Amino acid sequence: MPLDPQLQVMRDQRERDGVRPLYAMSLAEARAADLASIRESGGEPEPVHEVVNLTIPGPSGELPLRLYRPAGQRPLPALLYFFGGGWVLGTIDTADGVSRSLANAAGALVVVVGYRLAPEHRFPAAADDCYAALRWVAGHAGEIGADPARLAVGGDSAGGNLAAGVALRARGAGLALAGQLLVYPNTDQLADDQSMRAADDPFLFNRRSVAWYRQHYLADPGDAASPLASPLRAESLAGLPPALVITAEYDPLRDQGEAYARRLAAEGVQVELSRYPGMAHGFFTMAGTVDASRSAIAQAASSLRAWFGTAAPRGGDEPPDGAAVGGGDEPTDGAALRRGE
């Protein structure tokens, strides 16, 4: 289908204003513009019961965390959420709106990790920080009111990449996770597929954006083959936790995210793949301006509740009628993906 009308308005406004792509800006400019854009399109942040900032020991000094706690009896299940931004942009504040909404709708503690950014700290710094945060939460769950038996990981874009990598490392360490929420994740640094080749609009996230982030993130071109940089290239995905993979029709990362979901299913992992038609990369954080963003957050919260065994909030938060739950016109065989067959 055509680009969603709400996104089309935003895209056309950028063209009229002559907004430069982030990859044409300096790092400082891009970081400021990215956060400003997310705040502008994210709407009014939801109130939550409690927000706590803390620091923990990280692989290379102190590592900041922010906890979003909904009302509810402790211990609460916990989602470790990794913000997007191509491993180059983003801060804990980038994920503020999404984290508040997920905490309330899923009845879960949301822990956002302030991982190190490239190019100041190249791969695998961000991956190491995110895994260290998971290990810390698992080992100190009682201190923060979390249930160590109900932990999940998630993130959007680069954050989805980091969540997938953390899930792989957790499996190797025997740390069981309840689920993984992967929102338009980067799963293959070497991808050259149809959605990547087609993404050429300078006023949307495009293939040049992907290349710009990659050149800042990877210390060595050979790192692209590492499963922590490209989870799709892992030798095996068997034994990973259940997954919800959300993709967007007009996204260079669409095909690699869907390939990851199909491979998870083929290797016996319970997975739901949902493509949102008419959407572009970044829509998940646009709850203030894009209806499908609210539907996707509701879908994510529904999966989290299923994984955690928590009840829906009063009034429920299921995706409204017409949401692209299950994948739109592509990909095919969604039922099999949901069964993990």
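Refer to the structure above for everything that follows.
Residues numbered from 1 in each chain as written. Predicted model: local features only at pLDDT ≥ 70, side-chain atom pairs only at ≥ 80, totals over all residues. Heavy atoms only, no water.

Draft legend 1. Examining the overall build of the chain more closely. Each helix and strand counted, the chain has 11 helices and eight strands in total. By the compact-globule yardstick of 20 Å for 341 residues, the chain fits well, its C-alpha radius of gyration being 18 Å. Its C-alpha atoms give the chain principal-axis dimensions of roughly 50 × 45 × 40 Å. Considering only contacts in the chain between residues 6 or more positions apart, those separated by 24 or more positions represent 77%. Accessible surface for the chain amounts to roughly 13300 Å². Of this, 51% is attributable to carbon and sulfur atoms. (Helix = DSSP H or I, 4+ residues; strand = E, 2+ residues; numbered from the N terminus. Rg over C-alpha atoms; globule rule 2.2 N^0.38 Å. Contact = heavy atoms within 4.5 Å. Areas by Shrake-Rupley, 256 points an atom, 1.4 Å probe, with all protein chains shown as cover.)

Draft legend 2. Representation of the nonpolar core within the structure. Of all hydrophobic cores here, the largest spans 111 residues; its most connected members are Y81, F82, L102, L134 and F284. Those residues in contact with L102 that lie beyond four places of it in its chain are L79, Y81, G107, V110, L181, I297, A300, A301 and L304. (Core = buried A, V, L, I, M, F, W, Y, C linked by side-chain atoms within 4.5 Å. Buried < 20%, exposed > 50% of the residue type's maximum accessible area, 1.4 Å probe, protein only.)

Draft legend 3. A look at unusual backbone geometry. Look at the link from R74 to P75: it is a cis peptide, with omega at 0°. Tracing the sequence through the fold places P75 in the loop between strand 2 (61–69) and strand 3 (76–82). Geometrically, the link from F123 to P124 is a cis peptide bond, its omega value of 10° lying close to zero. Looking at the element boundaries, P124 is found in the loop between strand 4 (109–113) and helix 4 (125–139). For W87, which is not glycine, the phi torsion reads 65° and is therefore positive. You can see W87 is positioned in the loop between strand 3 and helix 3 (96–106). With phi around 60°, S157 is a residue other than glycine that occupies positive phi space. Here S157 shows up in the loop between strand 5 (146–156) and helix 6 (158–173). Owing to a relative accessible area of 8%, S157 belongs among the buried residues under this scheme.

Draft legend 4. Quick look at the pattern of salt bridges. All told, the structure shown has 22 salt bridges when counted by the stated rule. Across the pair D188 and R233 runs a salt bridge, and its minimum N-O distance is 2.7 Å. Remark: R233 occurs in the loop between helix 8 (207–217) and strand 7 (243–250) and D188 occurs in the loop between strand 6 (179–183) and helix 7 (194–198); sequence separation between them is 45 residues. Its relative accessible area of 11% is what places D188 among the buried residues. Taking the shortest distance from any N to any O, the salt bridge between D291 and R294 comes out at 2.2 Å. In this pair, D291 and R294 are both assigned in helix 10 (residues 291–308), three residues apart and thus about one turn of the helix distant. The exposure class of D291 is partly exposed, given its relative accessible area of 42%. (Salt bridge = Lys/Arg side-chain N within 4 Å of Asp/Glu carboxyl O.)

Draft legend 5. Structural view of the packing of helix 4 against helix 6. Orientation of helix 4 relative to helix 6, taken along the N-to-C sense of each, is 55°, at an axis distance of 9 Å. Our classification of the angle between helix 4 and helix 6 gives oblique. Between helix 4 and helix 6 lies a crossing whose hand is right-handed. On the side of helix 4, the interface is formed by A126, A127, D128, C130, Y131, L134 and R135, while helix 6 contributes L162, V166, R169, A170 and A173. Per-class residue counts for the contact of helix 4 with helix 6 are nine nonpolar, no polar and three charged. (Axes fitted to C-alpha atoms, helices over the stretch in contact; angles between N-to-C directions. Parallel < 35°, antiparallel > 145°, perpendicular 65-115°, else oblique. Left-handed = near helix turned anticlockwise from the far one by under 90°. Nonpolar A, V, L, I, M, F, W, Y, C, P; charged D, E, K, R; others polar.)

Draft legend 6. Spotlight on the packing of aromatic side chains. The full count for this structure, using the stated rule, is seven aromatic pairs. With a centroid separation of 6.1 Å and an interplanar angle of 25°, the aromatic rings of F205 and Y213 are classed as stacked. Taking relative accessible area as the criterion, Y213 reaches 8% and is therefore assigned buried. Judged by centre distance (5.2 Å) and plane angle (65°), the rings of W212 and Y213 are edge-to-face. Ring pairs connect the aromatic residues W87, F123 and Y217, which therefore count as one cluster. (Phe/Tyr/Trp six-rings, centres within 6.5 Å; stacked < 30°, edge-to-face > 60°.)

Draft legend 7. Structural detail: the side chain of S303. Looking at the secondary structure, you find S303 in helix 10. Look at S303 and you get buried, because its relative accessible area is 11%.

Draft legend 8. Quick look at the sheet that holds strand 1 (residues 50–58). Judged by pairing direction, the sheet is mixed, and its eight strands sit side by side in the order 1-2-4-3-5-6-7-8 without closing on themselves. Strands with a single pairing partner mark the edges of an open sheet, and in this sheet they are strand 1 and strand 8 (271–280). Between one strand and the next, the sheet's axes are offset by a mean angle of 20°, whatever the strand orientation. In this structure, strand 5 lies alongside strand 6, joined through five bridges in parallel fashion. Residue pairing across strands places G154 opposite L181, the latter belonging to strand 6. Across the sheet, helix 4 touches strand 1, strand 2, strand 3, strand 4 and strand 5, and the angle it forms with strand 5 is around 160°. Of the strands in this sheet, strand 6, strand 7 and strand 8 are in contact with helix 9 (residues 254–266), which crosses strand 7 at around 150°. (Pairing = 2+ DSSP bridges.)

Draft legend 9. Structural detail: helix 6. Along its 16 residues, helix 6 runs 23 Å from first to last C-alpha, staying within 8% of the 22 Å computed at 1.5 Å per residue. Here helix 6 lies mainly inside the structure; 12 of its 16 residues are buried. Residues of helix 6 that are buried in the fold lie against strand 3, helix 4, strand 5, strand 6, helix 8 and helix 9. Trailing helix 6 by a residue or two, G174 shows a phi angle of about 75°, which is positive. (Expected span 1.5 Å × (residues − 1).)

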